[in-house]
Each structure stands twice: as structure tokens, then as C-alpha cells.
Amino acid sequence: MNSQHIETQAIRTQIERSSFLEHSNPLYLTSSFIFEDVEDMRASFAEEKQRNIYSRFTNPNTSEFVSKICKLESAEDGYAFATGMSAVFSTFAALLNSGDHIVSSRSIFGSTNSLFTKFLPKWNIETSYFKVNEIDKIESLIQPNTKVLYAESPTNPAVDIIDLEILGKIAKKHNLILIIDNCFATPYLQQPIKFGADLVIHSATKLIDGQGRVLGGVTVGRADLVREIYLFARNTGPALSPFNAWILSKSLETLVVRVDRHCENALKVAEFLENHPKVNTVKYPFLKSHPQYEIAKKQMKLGGNVVAFEVKGGVDAGRTFLNSIKMCSLSANLGDTRSIVTHPASTTHSKLSVEDRLETGITDGLIRVSVGLENVNDIIQDITQALENVD
Ligand SMILES: Cc1ncc(COP(=O)(O)O)c(C=O)c1O
């Protein structure tokens, strides 16, 4: 089975059929499962049998979704969560103790940053940060109590790339747990475990659903670590709902064809923007001008669906651009069939100091485009007319 291609695994990984011999997997909307007798119940709770007990622990739909992600990421085991953030939080809460230390990339998703700066310190867990272009400084940040090395690549929203192979080597040398948020790449474009990651996290809300319908998250990787995460989640309740798991498992069946087209459209948008007179810079992993182009080529199959560009004229120009957009959506999500534009400096990252913003690559005029699946000429047409309004 492992020799099957990713498209086949995403379609043909299926839990056991019911007595109706359905072709497409049904939805198991049940909170609990029944036992034959008291001995069956005892043995099930003692984990002498592998079976569903209660949908906070496992459910056939979540199991199918998790086994697909495990195959696509070459992971041993996993657990599915209600959101990407519950996956991030539960992973750290399960694995860290009071007094532990994290070394993390500075360019991480806003809520993950809040977890590190506002919440984990309440349990005496501190974080030190490295900039994406300073991975040579990582080793100097490692302390005797450092337990986790954490990063995202490509980063949100500046689309920087971090060399996963180097992170893998550092983690191994210092016996750290390497955790990679692989949300922007999806398991189709990048498999961090191959570069030494111990755990991989996804917000399934993005390209894995791909149609802007449901929230979900998943952590996969080393079985011993996933066991700790499972025990934490089983007792604290951040489980993915069976309905959302069913949706996400169906979505995975089309992941490869969707992501291929997303990437094709995104590259065309990036190439168009690169030649536009009102644009200072464009960042897209598979553009030769990207500062980490060679690393992106080494670790990613294609460049992903997010393009970041810096419109000339700073914050005001960024706001004018967004106000002039007609077809693309102004929305906080990404990885949808619908193209989405955001201006981080005046919205999602407006509370950061200018210095902190710039450190994570968020310049005043930075626009993030989550390139969707509309005809690419219509996407480029909308961006063109919006740029005409920028002075
Ligand atoms: C890189 C990254 N990680 C995690 C998350 C959190 O995911 P969710 O919104 O599903 O909780 C997001 C959401 O945008 C994200 O972009």
C-alpha cells in the first residue's frame, strides 16, 4: 500500500465498509459506541482492544481523516482537532512541562505567537525567537531546558522559506522535538518528516478543506509523541467533529488537483506582479527572485497558493488597493477556491509595533493574496484594475 502514489492514497484510504457496502464513506454522527457486555467494556477502556468508545476519543470519520494525513505526511500516527489552533495548543500543552523552553521562528501565525507570549508563560514556559534569515543563530538560543524547535514554512503572511533540512539537523544534534506547521504547503507540496521533523501540524481549515467551509486541525508524527497528545486531547476535549472530519476526508480526495491549479494560478499572478510598475517587490517561493528560491525548490514540489507583494506608497496605498478590489474577497481566511486579499499592516498585524512588524517581513504596503481557483485572467484583471487606483 505504501508504494501507492499520493493521489491514490488520498482517495483509496478508507475505513472498513459497513454491511451496506457503500462506495463513498458514510457519516458516523454518533457521540458514543456500544459494548457487547461488561467484559467488552472493561477491555475497551483498558485499551486491550483498539475500537471506538466515545467520539471525543476517536470516531470512524476522524480516524479516516487522520490515517489519510498520516500516509500523505509519512507519519506514524496522529490526532485530529477542531481547529488548527487547538492542534497547536494541545501539542504544546501535552508535551511541555513547567520550566521548559521553546526556540521558535519569529515569523509564525499571530495566534501561535499569542500562545507563546501570553499563555504559555503562565505555566512558566518561555520562548526565544530567531529570524527567518538568521537560522545560523538558532544554536546560540538553545538552553539546557529547551525542548522544542518550532517553525512554519512558507511563513504567513510574508511567504518566507526556512530550510527544513537544517532545522532537522539542529533538532537531532540537540535532542529537540522539531515541530513544523505545514499549513501553507499541505502534505502534497512538502513533507517535513522527510527532513527530520518529529511532528507536523496543519490547520485543515485552509487548503485541506480548500472550499472555505469547515474548521479543522491535525497533528501527526512520531507515535510516542502522538500518544501523549492523544491522552491530553482525550481528557480535555478539543476533538474534531465527525461531520467536519467527513468533509475534510472528502476534500483530501481532490487535494492534488486543486493544489496543482492553485499553484499554477499563483505563479502566473506572481509573474504578472513582478513586472507591474506600481509594485516594489513580489515574494513567491517559486519565483527566481525569491530570496530563498533554491531552498524552496529543494523542499517543495510547487510554490503554494500565497503571493505577497509590496505595493508602492505604504499603508495608504495598501488600503486603497483593498478598497478597489471588486471580485477577490476581503477575508481573514486563505486557501479557498475564492481568491482573497489582505493588508496585514492595517488589519491582522496593526497592533504590532512597526519594528516587530518589519522583523516578520510585514512592510507597510504588503498585500497577501491567497490565489484561488477562478480563471487566472479574471484574478489578474481584478488586481490590475485595483492597482490603477493606487497613486
Ligand atoms: C500557519 C497557520 N497555522 C495555524 C493556523 C490556525 O488555524 P485555525 O484557524 O484552523 O485555528 C492558521 C490560520 O490561519 C495558519 O495560517
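Residues numbered from 1 in each chain as written. Predicted model: local features only at pLDDT ≥ 70, side-chain atom pairs only at ≥ 80, totals over all residues. Heavy atoms only, no water.

A.B. asks: Would you mind showing me how to read the pattern of salt bridges here?
C.D. replies: When the charged atoms of two side chains lie near each other, side chains of opposite charge can form a pair. This structure, assessed with the given rule, holds 22 salt bridges. Ionic pairing is found between Glu39 and Arg42, a salt bridge with its closest N-O pair at 2.9 Å. Here Glu39 and its partner Arg42 are both found in helix 2 (residues 38-45), three residues apart, which amounts to about one turn of the helix. For Glu47, the salt bridge is made with Arg227, and the minimal N-O distance between the two is 2.9 Å. (Salt bridge = Lys/Arg side-chain N within 4 Å of Asp/Glu carboxyl O. Helix = DSSP H or I, 4+ residues; strand = E, 2+ residues; numbered from the N terminus.)

A.B. asks: I'm lost on a nonpolar patch on the surface in this one. Help?
C.D. replies: Taken together, Leu27, Leu29 and Phe243 make up a surface patch of nonpolar side chains, about 280 Å² in accessible area. Mapped onto the fold, Leu27 is located in the loop between helix 1 (6-12) and helix 2. (Patch = residues over 30% accessible without salt bridge, like charges linked within 9 Å, V, L, I, M, F, W, Y side chains within 5 Å. Areas by Shrake-Rupley, 256 points an atom, 1.4 Å probe, with all protein chains shown as cover.)

A.B. asks: How should I be thinking about helix 2 in this particular structure?
C.D. replies: Along an α-helix, a turn takes 3.6 residues, which lines up residues three or four apart on a common side. Of all the positions in helix 2, only Asp40, Ala43 and Ser44 are classed as buried. Down the axis, helix 2 shows its buried residues gathered within 100 degrees of arc, on one side only. Residue Asp37 occupies the N-cap position of helix 2, its side-chain oxygen lying 3.2 Å from the main-chain nitrogen of Glu39. Just past helix 2, the residue Glu47 takes up positive phi, approximately 60 degrees. (Buried < 20%, exposed > 50% of the residue type's maximum accessible area, 1.4 Å probe, protein only. Arc of directions from axis to C-beta. Polar contact = N/O pair within 3.5 Å; in protein donor to acceptor, adjacent residues only side chain to side chain.)

A.B. asks: I would appreciate a short explanation of the side chain of Arg258 in the present structure.
C.D. replies: Within the element layout of this structure, Arg258 appears in helix 11 (residues 255-274). Asp209 provides the closest opposite charge to the buried, salt-bridge-free Arg258, at an N-O distance of 6.8 Å. A polar side-chain atom of Arg258 sits 2.8 Å from the main-chain carbonyl oxygen of Leu207. The residues touching Arg258, leaving out its near neighbours within four places in the chain, are Leu207, Ile208, Asp209, Gly210, Gln211, Ser251 and Leu373. (Lys, Arg positive; Asp, Glu negative; His and termini not counted. Contact = heavy atoms within 4.5 Å.)

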